[in-house]
Amino acid sequence: MASASSLLSEERLLCSICLDVFTDPVSILCGHNFCSSCLHTYWDSGDTCQCPMCKREFSTRPELQVNTFISELADEFKKLVQVRASTPAPQLPALDVLCDFCSEIKEKAVKSCLTCLTSFCESHLEPHRRVARLKGHTLLEPVKNLDDRMCETHNKMTELFCLNEQAFICVLCFTADHKGHNAVPLEEQYEKVAATKDEAQANMQKLIQTRIEKIAEVEKLLDVSQVESEKEEQAAVQVFTELIQSIQASQAELVEAIQQRHRGIKQKGEEVLKELRREVTELRSRSSQLEHLSQSQDHYHFLQSFSTLTTPPHESCPDTDLGPDLSVQATRGHLTRLKQRVDEIMEEIPEIRMKRMREHAVDLTLDPDTAYHSLVISEDGKQVTQEDNIEKDKVTDNPKRFDVYCEVLTKEGFMTGKFYFEVQVKGKIHWIVGVARESVERKNETSVSVEDGYWCILLDEGKYKTTADSELKILKEELQKVGVFVDYNKGEVSFYNVDSKSLIGCITGCCFTEKLYPYFYPGLNDNGRNSAPLIITPVPQTH
């Protein structure tokens, strides 16, 4: 059987909305309980009537009645809390602090001495109660790790609190490193800080309430987003359904028109064939008669019949122009352009555009043979950082190596088609990422520009730009990961914010004539301010 103390445990009597003990608790049909005012406020703030915990919806707002059983338990608990608050808390023994003087079986300590930095059991504490010079020592309830309260510099007790640096110090610290600072005894600082506990607790409760209101706000936004998403999905499906039906109907009409046109051409062709065959028959008959006439000795009859037999049935052949109607070819061109336009419209949706680009993702590995001598490449070839303490003679000479700036290319190069990769630039204050042509200058100084064979995006002095100085979209937040998409045949290099899936810049009108290599410049270490690596990250698989 449950005891009274278990029935009155605080966790059983808390409202999940205000996180406080129930006031006028009410129960709803799903069995969950809330303060009456909290539940009404929650329902008034939303468009639907649902349980704040299990999200069960109700078609009409239920009529609420105070749950008398829970209400009585909550009242009893509040009374119990008041009684406990007015009763001095008993001093519990420090079960885990043992006497430092006991040699064999250690007894539990009853006091710790801040002067001796030692904990004593009852018997070993006796000298502190009897000897006059020990009576002046500071005793307190048993505490562990007394050595932590010692100043590491002067090996003395930290009895002061420096307000300037918010640090525990000893008296020697105050006269040396903290000379001129405002320092007070620990007891004084304790009383001052303890006096602000109620205010701090009140502020904490305000923060809790603010977070609870934010939770309700976010939950409401998620509910609204769900509804809006379903509406958009239904609308999109409806539009595509109508578009598909319209295209199918247009396809049927176009097929029928093509077939009808063919039937007309076929009928006309058959009529022309019939006429041509009739004329061929007639001409063959005349040819035979002419051959027979040529053997006649009747001059009169010959001359009279010759002109009749040699005159063609028609001055010209029947019209045989049965070529295709050019309007069909024009229609086919219009439909091709329509398909291209639909593809362009679909790619205006960031998620779809990112999905299609990721279909061209390539697996890249940094090429150590091209890396500047102070660059450090990870074993998997996916990360690169710059370190100042690496000497140039530590790397082998190589015609492919960059000898002026801390640059590196990948082992993989591309001369056609499309390719895409993603690079993490988080935590860096200066970097360059993009592609470079194979013949870029590696041994002498040059500028990182389109003219010199670099098509990149970069961060310099807090500003994002491209090597073509093309305008970039304003970024509301710092880039964490950049996506690079190259269409070699089209001559375009585009840059994306991977997190938001948004286009941030594009270099167009390029004329690529040689192999392109993904290019990375992590920038100088800058005393650790730019020590974060550039990381070639795996591109999520599309489905």
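Cut-offs applied
- Residues numbered from 1 in each chain as written.
- Predicted model: local features only at pLDDT ≥ 70, side-chain atom pairs only at ≥ 80, totals over all residues.
- Heavy atoms only, no water.
- Helix = DSSP H or I, 4+ residues; strand = E, 2+ residues; numbered from the N terminus.
- Buried < 20%, exposed > 50% of the residue type's maximum accessible area, 1.4 Å probe, protein only.
- Areas by Shrake-Rupley, 256 points an atom, 1.4 Å probe, with all protein chains shown as cover.
- Patch = residues over 30% accessible without salt bridge, like charges linked within 9 Å, V, L, I, M, F, W, Y side chains within 5 Å.
- Salt bridge = Lys/Arg side-chain N within 4 Å of Asp/Glu carboxyl O.
- Pairing = 2+ DSSP bridges.
- Axes fitted to C-alpha atoms, helices over the stretch in contact; angles between N-to-C directions.
- Contact = heavy atoms within 4.5 Å.
- Polar contact = N/O pair within 3.5 Å; in protein donor to acceptor, adjacent residues only side chain to side chain.
- Parallel < 35°, antiparallel > 145°, perpendicular 65-115°, else oblique.
- Left-handed = near helix turned anticlockwise from the far one by under 90°.
- Lys, Arg positive; Asp, Glu negative; His and termini not counted.
- Charge placed at Lys NZ, Arg CZ, Asp CG, Glu CD.
- pLDDT = per-residue confidence, 0-100.
- Phe/Tyr/Trp six-rings, centres within 6.5 Å; stacked < 30°, edge-to-face > 60°.
- Lys NZ or Arg CZ within 6 Å of the ring centre and 35° of its normal.

*Asks:* What am I meant to see in the overall build of the protein here?
*Replies:* Along the backbone of the protein there are 11 helices and 20 strands. Within the protein, the fraction of its 543 residues that count as buried is 30%. Roughly 35,900 Å² of accessible area belongs to the protein as shown, and the carbon and sulfur atoms make up 52% of that amount.

*Asks:* Quick question: what am I supposed to make of a nonpolar patch on the surface here?
*Replies:* Taken together, the side chains of L19, M204, L207 and I208 present a nonpolar region at the surface, about 340 Å² in accessible area. Structurally, the position occupied by L207 is in helix α8 (residues 197–293). Owing to a relative accessible area of 43%, L207 belongs among the partly exposed residues under this scheme.

*Asks:* Please explain the sheet that holds strand β8 (residues 183–185) as it appears in this structure.
*Replies:* The pairing of strands in a sheet happens through backbone hydrogen bonds and is either parallel or antiparallel. The strand order β7-β6-β8 describes an open sheet built from three strands, whose pairing is antiparallel. The open sheet has two edge strands, β7 (167–169) and β8, and neither has a second partner. Direction aside, neighbouring strands of the sheet carry axes that sit 35° apart on average. With three bridges joining them, strand β6 (residues 160–162) and β8 adopt antiparallel strand pairing. Pairing of L160 across the sheet is with P185, part of β8. Contacts from helix α7 (residues 186–194) reach β6, β7 and β8 within the one sheet, and its direction differs from that of β8 by about 90°.

*Asks:* Help me understand the side chain of R353, please; the structure alone is not making it clear to me.
*Replies:* Summarising the element assignment, R353 is placed in helix α11 (residues 350–358). Classification of R353 as buried rests on a relative accessible area of 16%. From its side chain, R353 meets the backbone oxygen of K501 in a polar contact 3.4 Å long.

*Asks:* Is there a simple way to think about the pattern of salt bridges in this case?
*Replies:* Scanning all chains against the criterion turns up 17 salt bridges. One salt bridge connects E275 with R278, and the closest N-O pair in it is separated by 2.6 Å. Highlighted residues: E275 and R278, both in helix α8, separated by three residues, approximately one helical turn. When its relative accessible area of 24% is taken as the criterion, E275 is described as partly exposed. A salt bridge links K490 to E492, with the nearest nitrogen and oxygen atoms 3.9 Å apart.

*Asks:* What exactly am I supposed to notice about the pairing of strand β18 (residues 502–507) here?
*Replies:* In the case of a regular strand, side chains alternate between the two sheet surfaces. Sheet analysis places strand β17 (residues 492–497) next to β18, joined by five bridges and oriented antiparallel. Looking across to β18, one finds that S494 is bridged to C506. Counted between consecutive antiparallel strands, the loop separating β17 from β18 contains four residues, among which K501 sits at a positive phi close to 60°.

*Asks:* Could you clarify how one ought to interpret the packing of α8 against helix α9 (residues 299–310) in this entry?
*Replies:* What describes two packed helices is the angle between their axes and the distance between those same axes. Packing of α8 against α9 brings their axes to within 10 Å, and their N-to-C directions diverge by 160°. Comparing their axes, α9 and α8 come out roughly antiparallel. Between α8 and α9 lies a crossing whose hand is left-handed. Contacts between α8 and α9 pair R286, Q289, L290 and L293 from the former with H301, F302, S305, F306, T308, L309 and T310 from the latter.

*Asks:* Even after reading the chapter, I still don't get a negative patch on the surface, so can you show me in this structure?
*Replies:* There is a patch of like negative charges on the surface, built from D24, E72, D75 and E76. With respect to the element layout, D75 can be found in helix α3 (residues 68–86).

*Asks:* What's the story with the sheet that holds strand β14 (residues 454–460) in this structure? I'm lost.
*Replies:* With respect to topology, five strands assemble into an open sheet ordered β11-β19-β13-β14-β15, the strand pairing being antiparallel. Looking at which strands have only one partner, the edges of the open sheet turn out to be β11 (408–409) and β15 (463–466). Bridge analysis of strand β13 (residues 431–437) against β14 gives six bridges, and the strand direction is antiparallel. When the bridges of β14 are listed, V435 appears paired with W455.

*Asks:* Would you mind showing me how to read the environment of D44 here?
*Replies:* Note that D44 resides in helix α2 (residues 36–44). A polar atom in the side chain of D44 sits 3.2 Å from the side chain of R61.

*Asks:* What am I meant to see in the confidence of the model for the protein here?
*Replies:* Close reading of the predicted structure is inappropriate where its pLDDT is low. Averaged over every residue, the pLDDT of the protein is 83; residues scoring 70 or more account for 90%. Note that pLDDT drops below 50 for residues 1–8; the model gives that stretch nine contacts with residues more than four away or on any other chain. Here residues 89–94 scores under 50 on pLDDT; set against residues more than four positions off or in separate chains, the count is two contacts.

*Asks:* So what exactly am I meant to see when it comes to the side chain of N530 here?
*Replies:* Within the fold, N530 resides in the loop between β19 (516–521) and β20 (534–537). Ignoring anything within four residues of it in the chain, the contact list for N530 reads K428, I429, H430, P522, G523, L524 and N525.

*Asks:* Honestly, the packing of aromatic side chains in this entry has me stumped. Any pointers?
*Replies:* When we look at a pair of aromatic rings, we describe it by the centre distance and by the angle of the planes. Taken as a whole and judged by the stated rule, the model has nine aromatic pairs. Centre to centre, the rings of F161 and F168 are 5.3 Å apart; their planes meet at 70°, and the pair counts as edge-to-face. The class for F168 is exposed, based on a relative accessible area of 57%. Measuring from centroid to centroid gives 5.1 Å for Y454 and Y519, while their planes differ by 70°, and the two rings are edge-to-face. Of this pair, Y454 sits in strand β14 while Y519 sits in strand β19, and the two are 65 residues apart along the sequence. The residues Y454 and Y519 share a single accessibility class, namely buried. Seen from the ring of F402, R442 lies directly overhead, with NZ or CZ sitting 5.3 Å from the centre.

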